[in-house]
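Examining the three-dimensional arrangement
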Amino acid sequence: MNSSCCCELRIQLNEYPSFKLENAVCNHGFFMMAPNIWNPSTQCFSRPLRLADSTTSINVTISQSSHENCLIVKLDHVKKITSLDKKAILGQVQRMLRLSLEDEKHVQEFQKIHPEAKEKGFGRIFRSPSLFEDAIKCFLLCYCRFQNTLKMAELLCDIQFELLNGLITGKDNMILLNSNQGIKRKRNDDDSSMNTHLRNFPNAKELCCFDEDFLKKRGKTGLRSRYILEFARKVDSGEYKLREFEKCTSHIKLCQKLKEIKGFGKYAAANMKMCLGFYTIVPIDSETKRHFEEIHGRSSCSSEVIKEIYGKYAPFQCLAFWFELLAYYENSRHASFHTVDFNNKHLNKIEENIMPPPPETAPSKNSSELLPDSECGGNPHHVLEGGPSRDEDIQLVDVDVTMEGKANELLLFGLFLKRLVINLDVKFVNKNSHIREAVTPIYLQDI
């Protein structure tokens, strides 16, 4: 089949006057996580999406046509598509970009009480094509730095690709894990099926093919591995019915459902509520605490303080907080620079050069205590009490107590907020928290 051929679908935007693709995508860390790619030069978003069989993936590229007032969804290497597959693809696009009448109503109601957000076109928070992917990424946000979250998402996509293409195999006497030599693949005489599946984020059934040791070793998911696998197994078996989560209209009932998820603490649950369209709860981590101290002069993130600052925006307190936080990053002198071409895939290389090395500290002897069942939500460097924690596999400790650490964290978020795309031939060096680029100039201000 000719690589240039593709099928196009369209989503009319007449009912969504507040919608702008860039604003709908580039507003939350989820859009940076694999397999998502945003290209600022073309204003296009691309990633694999699943067909109706929930196994086959095709790559889609989404752009906005101002002339036709619609979204154009291009399906790469696809000439024709069935009605069921079309429905599945459009449903995932609409979920990611919050294209529904209810979401549009929320945006307009929020912007009515927050004129600055309306002026900036802010009101939608990007999410994944499925609630399952949202949930796993909420696990990945917990107990590690954001650069590690990005790396784990990349690795999960890698092992999903290897699984579907026969490079590694599933549980039925096929996974062979050797703690000293890593993964051994059972040889298959017929490798003709290799490279027939796209690299995508794993669904519940695919994750269930692996055990905890494999996920720790190849996915670098550390102590959260058992919670990820338990959640995946309960979704795959039908014990957790995610459609019921999505349809839940009661905040109280949703809280009860989220409490049932082992490993979900307050931070992860708050992020999940945001993904499900409940915006009353502000996710609290050390970045929230820093923001409150620097912007509002408050040393507490108590419910009383949150009510005092964001109560006037109810029931959209979380949206108001996110808008304020993003505005802070964009206005910060540490993250003020011009947009250049960037490839999301290479962000980890950039981060390795941006981020200072971790302190030389010994691993915790009681590493299992880092992720207690009752309260695992929150980044290890985002835990408000007890100081920084350490992931046993990734082995990074937050150092944002120093000014250099804060500047580096801000610079990382600046990369995210400015929708950068780094070309393949770009090389970075890091010296005294300044960045130089070896091929094409990147203009950085006040770093």
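Below: a short report on this structure. (Residues numbered from 1 in each chain as written. Predicted model: local features only at pLDDT ≥ 70, side-chain atom pairs only at ≥ 80, totals over all residues. Heavy atoms only, no water.)

Section: the overall build of the protein
A tally of helices and strands in the protein yields 17 helices and 11 strands. Per-residue burial for the protein yields a buried fraction of 53% across its 447 residues. Within the protein, residue pairs in contact and separated by at least 24 positions form 73% of the contacts whose partners lie at least 6 positions apart. About 21,400 Å² of surface is accessible on the protein, with carbon and sulfur atoms providing 49% of the total. (Helix = DSSP H or I, 4+ residues; strand = E, 2+ residues; numbered from the N terminus. Buried < 20%, exposed > 50% of the residue type's maximum accessible area, 1.4 Å probe, protein only. Contact = heavy atoms within 4.5 Å. Areas by Shrake-Rupley, 256 points an atom, 1.4 Å probe, with all protein chains shown as cover.)

Observations concerning the pattern of salt bridges
Counting across every chain of the model gives 21 salt bridges. One salt bridge in this structure joins R199 and D158, with 2.7 Å as the shortest N-O distance. You can see R199 sitting in the loop between β7 (182–184) and α7 (204–207) and its partner D158 sitting in helix α6 (residues 146–164), a full 41 residues away along the chain. Residue classification places R199 among the partly exposed positions, given a relative accessible area of 23%. Given the relative accessible area of 28%, D158 is considered partly exposed. (Salt bridge = Lys/Arg side-chain N within 4 Å of Asp/Glu carboxyl O.)

Points about helix α12 (residues 266–275)
In terms of burial, α12 is largely enclosed, as 9 of its 10 residues are buried. Turning to α12, its buried residues number three or more, namely Y267, A268, A269, A270, N271, M272, K273, M274 and C275. Buried positions along α12 lie against α2 (83–97), α5 (131–141), α11 (251–259) and α15 (317–331). Positive phi appears at G277, one or two residues downstream of α12, with a value of about 90 degrees.

Details of unusual backbone geometry
Between A34 and the following residue, P35, the backbone shows a cis peptide bond with an omega angle of 5 degrees. Within the secondary structure layout, P35 lies in the loop between α1 (21–25) and β2 (37–39). A cis amide bond links A314 with the next residue in sequence, P315, at an omega value of 5 degrees. The residue P315 is located in the loop between α14 (303–310) and α15 in this model. For Y143, which is not glycine, the phi torsion reads 60 degrees and is therefore positive. Mapped onto the fold, Y143 is located in the loop between α5 and α6. The exposure class of Y143 is buried, given its relative accessible area of 9%.

Concerning the packing of α5 against helix α9 (residues 225–237)
In the contact formed by α5 and α9, the axes pass within 10 Å of each other and the chain directions differ by 165 degrees. As summarised for this structure, α5 and α9 are arranged roughly antiparallel, according to the angle between their axes. Of the two possible hands of crossing, α5 and α9 adopt the one that is right-handed. Across from F132, A135, I136, F139 and L140 in α5, the residues of α9 making contact are Y227, I228, F231, A232 and V235. Partitioning the contact of α5 with α9 into residue classes produces 10 nonpolar, no polar and no charged. (Axes fitted to C-alpha atoms, helices over the stretch in contact; angles between N-to-C directions. Parallel < 35°, antiparallel > 145°, perpendicular 65-115°, else oblique. Left-handed = near helix turned anticlockwise from the far one by under 90°. Nonpolar A, V, L, I, M, F, W, Y, C, P; charged D, E, K, R; others polar.)

Observations concerning the packing of α5 against α6
Put simply, α5 and α6 touch, their axes get as near as 9 Å, and they point 140 degrees apart. Comparing their axes, α6 and α5 come out oblique. The two elements α5 and α6 cross, and the hand of that crossing is right-handed. Contacts between α5 and α6 pair I136, L140 and L141 from the former with F146, T149, M152, A153 and L156 from the latter. Across the contact of α5 with α6, the residue classes tally to 7 nonpolar, 1 polar and no charged.

Overview of α11
When α11 is considered as a whole, its buried residues turn out to be L254, C255, K257 and L258. Looking down the long axis of α11, one finds its buried residues gathered within 160 degrees of arc, a one-sided arrangement. Away from its buried face, by an angle of more than 90 degrees, α11 presents the exposed residues I252, K253 and K259. For α11, the elements touching its buried residues are α10 (242–247) and α12. (Arc of directions from axis to C-beta.)

What about the sheet that holds strand β1 (residues 6–12)?
Taken together, the 5 strands give an open sheet; going across it, the order is β1-β5-β4-β3-β2, and neighbouring strands pair in antiparallel fashion. A strand with exactly one partner marks an edge of an open sheet, and here the two such strands are β1 and β2. On average, each strand axis in the sheet is tilted by 25 degrees relative to the strand beside it, whichever way the strands run. (Pairing = 2+ DSSP bridges.)

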